[in-house]
Amino acid sequence: GMWLYSNLITGAIPTQLGKLTAITYDMLLSTNSITGAIPTQLGELTAIINGMWLYSNLITGAIPTQLGKLTAITYDMLLSTNSITGAIPTQL
């Protein structure tokens, strides 16, 4: 997994994180000051089985439909406490 939660991380989530397809447990980026939209490339992290935490940041924009490809997640995808807009994609 990648555990970077509860830090002082700023800026956007790099699109290159979508290439870390060997991550198999979880990606925890919550409780930081991450800005910008959720990269569509995070939908390529299809081996994650536990969860993806992006809550309590400054994320904006819509939830990418590509996150619907994360079908192996068995626990949670936490996107709360951001400034996400638009409808929840039916792919989720």
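Residues numbered from 1 in each chain as written. Predicted model: local features only at pLDDT ≥ 70, side-chain atom pairs only at ≥ 80, totals over all residues. Heavy atoms only, no water.

S.K.: Would you take a moment to explain the pairing of strand E4 (residues 33-36) for this structure?
M.R.: Remark: a regular strand shows side chains that alternate across the two faces of the sheet. Sheet topology places strand E2 (residues 10-12) next to E4; three bridges connect them, and they run parallel. Residue pairing in the sheet places Ala12 in a bridge with Thr35 of E4. Pairing geometry for E4 and strand E6 (residues 58-61), over two bridges, is parallel. Note that in E6 the partner of Thr35 across the bridge is Leu58. (Pairing = 2+ DSSP bridges. Helix = DSSP H or I, 4+ residues; strand = E, 2+ residues; numbered from the N terminus.)

S.K.: Quick question: what am I supposed to make of the packing of aromatic side chains here?
M.R.: For any pair of aromatic rings, the description rests on two quantities: the centre-to-centre distance and the angle between the ring planes. Evaluated as defined, the whole model comprises three aromatic pairs. Note on Trp3 and Tyr5: the rings are 6.0 Å apart at their centroids and 55° apart in plane angle, and the pair reads as tilted. Trp3 sits in the exposed class, given a relative accessible area of 51%. By way of ring pairs, the aromatic residues Trp3, Tyr5, Trp53 and Tyr55 are connected into one cluster. (Phe/Tyr/Trp six-rings, centres within 6.5 Å; stacked < 30°, edge-to-face > 60°. Buried < 20%, exposed > 50% of the residue type's maximum accessible area, 1.4 Å probe, protein only.)

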